[in-house]
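# A structural walkthrough
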Protein chains: 2
Amino acid sequence: MTGDSVNGDRAPSTLAFLLSQVGIHASRRFAERIAEVDLNPPLFRILNLIDAAEGQSQQAIGAGIQVPPSRMVALVDELEERGLVERRPNPEDRRVRALYLTRKGRSALTRGRAIAKAHEEELTEGMSETDRTRLTKLLQKMVDQQAIGRGVHPGLSS
Amino acid sequence: MTGDSVNGDRAPSTLAFLLSQVGIHASRRFAERIAEVDLNPPLFRILNLIDAAEGQSQQAIGAGIQVPPSRMVALVDELEERGLVERRPNPEDRRVRALYLTRKGRSALTRGRAIAKAHEEELTEGMSETDRTRLTKLLQKMVDQQAIGRGVHPGLSS
DNA sequence: TATTGTTATACTCTATAACTATA
DNA sequence: TATAGTTATAGAGTATAACAATA
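Keep in mind that this is a model prediction, so the values were computed, not measured.

### Description of helix H2 (residues 41-52) of chain A
Residue and element names in this part refer to chain A. Under the 1.5 Å per step criterion, the end-to-end length of H2 is 17 Å for 12 residues, consistent within 8% with the ideal 16 Å. Counting buried residues in H2 gives 9 out of 12 residues, a clear majority hidden from the surface. Residues of H2 that are buried include every one of Pro-42, Leu-43, Phe-44, Arg-45, Ile-46, Leu-47, Asn-48, Leu-49 and Ile-50, and no others. Taking the backbone nitrogen of Leu-43 as reference, a side-chain oxygen 2.9 Å away marks Asn-40 as the first, capping residue of H2.

The structure is reproduced here in structure tokens:
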């Protein structure tokens, strides 16, 4: 590939190009790996959020990461069908469905986290500790400067 | 958003998360901006590639960035309908359609490049020149280490 | 037989709008 | 009237497979 004459590697890549190139690669690769535990990135992300705030409503969870209500339904449906999440009635407001992880859900989350860690290591393979820290800081600064929102992943929102 | 209790910002982000977060943001933002000249990222990319290798066949262009033949048809169809690209017969092989930019295509490309430059500036706003260079080098190293392929954008391939 | 370009088709992801049951 | 959840539906983007013309 690198030796082809018809590709885009003649000009040095811009930061914008590199960022989107590496970012999409990282997302794709993570999607591949998290599939090993029969999850996909959105599902894994929701599992994490429920774990961090058990008993919250579907829409409260969704609002935090800019996921519309209708999508939350589909996502939670799938998690519930697989027995990873439970929808419990909220006695104070019968419209609300409070979300809880099942034991199976908790175990899936643990396995997912191990994969996330392995993915992180794969992605930073061959990088010195200094470079990792440096890169993290630069990207974090960008998230703040560009007002992306910490923890808000655009691939799971609008 | 940053003050919400139900979001993902409690734990410090991993490099994998940051990379995909910032990368997808950069892609989305670029898509928004390039729409100002009535293009989308794949179309702009193809325009660039044709400019760099005029007279090549559709499939030769597509192969360099891992785009399947059937998709090249749709992409070039659209560019041709808008009068940005011309398909010319190749007298040596009548199966082949050689691609050329029209004057209008060249002008669209110029305007697109100006937008790409503005996008680059927006994305690196508030960053020192040192940090830009540093970030570029780190990402470039990652592209090589992860065998992503210089100039090959995963968002325009498989 | 192999290759270029094409068509037909289908699948994934996602959002918008309308609906229901509660409040 | 407003809100939580739901359903119906449609659009964008993309890939695979089969096909026609030419090599």
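### Side note on the nonpolar core
Counting 28 residues, the largest nonpolar core has Leu19(A), Leu135(A), Leu139(A), Leu19(B), Leu135(B) and Leu139(B) as its most contacted members. For this core, the secondary-structure elements that each account for two or more residues are helix H1 (15-34) and helix H6 (129-145) of chain A together with helix H1 (15-34) and helix H6 (129-145) of chain B. Once residues within four sequence positions are removed from consideration, Leu135(B) is found in contact with Leu15(A), Leu135(A), Leu138(A), Leu139(A), Met142(A) and Met127(B).

### Focus: the interface of chain B and chain A
Taken together, the 64 residues of chain B in the interface contact 64 residues of chain A. Of the roughly 5800 Å² buried where chain B meets chain A, counting both sides, 68% is carbon and sulfur surface. Ionic pairing is found between Lys141(A) and Asp131(B), a salt bridge with its closest N-O pair at 3.0 Å. Applying the counting criterion to the chain B and chain A interface returns 15 residue pairs in polar contact (both at pLDDT 80 or more). Put simply, the parts of the chain that give the side of chain B that touches chain A at least two residues each are H1, helix H2 (41-52), helix H3 (58-64), helix H5 (103-123) and H6 of chain B. By residue number, the principal contributor to the side of chain B that touches chain A is H1(B), which donates 14 residues. Grouping the constituent residues of the side of chain B that touches chain A by class yields 26 nonpolar, 25 polar and 13 charged.

### Quick look at the side chain of Thr102(A)
All names here are of chain A. Residue position: Thr-102 is located in the loop between strand S2 (97-101) and helix H5 (103-123). Take Thr-102: its relative accessible area is 16%, and that puts it in the buried class. In this structure Thr-102 touches Gly-83, Leu-84, Val-85 and Glu-86, once residues within four positions along its chain are discounted.

### Quick notes on the relation of the copies chain B and chain A
Laying chain B over chain A is done by rotating through 180 degrees and shifting 0.0 Å along the axis; what remains is an RMSD of 0.1 Å. Look at the turn and shift together and you get a two-fold axis relating the two. Taking the C-alpha atom as reference, chain B places Gly23(B) closest to the rotation axis, 2.1 Å from it. The overlap is high: 100% of the interface residues of chain B also sit at the interface in chain A, so the same surface is used on both sides.

### Concerning the packing of aromatic side chains
Residues and elements named next belong to chain A. A complete count under the given rule lists 2 aromatic pairs over all chains for this structure. Taken together, a centroid distance of 5.8 Å and an interplanar angle of 55 degrees make the contact between Phe-30 and Phe-44 tilted. Linking Phe-30 in helix H1 with Phe-44 in helix H2, this pair joins segments that are 14 residues apart in sequence. Comparing Phe-30 with Phe-44 shows no difference in burial state: the two are buried.

### Quick look at the packing of H2(A) against helix H4 (residues 69-81) of chain A
Geometrically, a packed helix pair is captured by the angle between its two axes and the distance between the axes. Residues and elements named next belong to chain A. Here H2 crosses H4 at 85 degrees, and the two axes come no closer than 10 Å. Considered as vectors, H2 and H4 are oriented roughly perpendicular to each other. Here Pro-42, Leu-43, Ile-46 and Leu-47 of H2 come into contact with H4, specifically with Arg-71, Met-72, Leu-75, Glu-78 and Leu-79. Its residues assigned to classes, the contact of H2 with H4 comprises 7 nonpolar, no polar and 2 charged.

### What about the packing of H6(A) against H1(B)?
Contact pair H6(A) / H1(B): the axes reach a minimum separation of 10 Å and the direction vectors enclose 40 degrees. With respect to each other, H6(A) and H1(B) are oriented oblique. In the packing of H6(A) onto H1(B), the handedness of the crossing is left-handed. Within the contact between the two elements, H6(A) uses Arg132(A), Leu135(A), Thr136(A), Leu139(A), Gln140(A), Met142(A) and Val143(A) and H1(B) uses Leu15(B), Leu18(B), Leu19(B), Gln21(B) and Val22(B). Across the contact of H6(A) with H1(B), the residue classes tally to 8 nonpolar, 3 polar and 1 charged.

### Focus on the environment of Ile148(B)
With respect to the secondary-structure elements, Ile148(B) resides in the segment after H6. Excluding residues that lie within four positions of it along the chain, Ile148(B) makes contacts with Gln21(A), Val22(A), His25(A), Met142(B) and Val143(B).

Conventions used here
Residues numbered from 1 in each chain as written. Chains lettered and ligands numbered in written order. Predicted model: local features only at pLDDT ≥ 70, side-chain atom pairs only at ≥ 80, totals over all residues. Heavy atoms only, no water. Helix = DSSP H or I, 4+ residues; strand = E, 2+ residues; numbered from the N terminus. Expected span 1.5 Å × (residues − 1). Buried < 20%, exposed > 50% of the residue type's maximum accessible area, 1.4 Å probe, protein only. Polar contact = N/O pair within 3.5 Å; in protein donor to acceptor, adjacent residues only side chain to side chain. Core = buried A, V, L, I, M, F, W, Y, C linked by side-chain atoms within 4.5 Å. Contact = heavy atoms within 4.5 Å. Buried area = accessible area lost by both parts, 1.4 Å probe. Salt bridge = Lys/Arg side-chain N within 4 Å of Asp/Glu carboxyl O. Nonpolar A, V, L, I, M, F, W, Y, C, P; charged D, E, K, R; others polar. Least-squares fit on C-alpha atoms with pLDDT ≥ 70 in both. Phe/Tyr/Trp six-rings, centres within 6.5 Å; stacked < 30°, edge-to-face > 60°. Axes fitted to C-alpha atoms, helices over the stretch in contact; angles between N-to-C directions. Parallel < 35°, antiparallel > 145°, perpendicular 65-115°, else oblique. Left-handed = near helix turned anticlockwise from the far one by under 90°.

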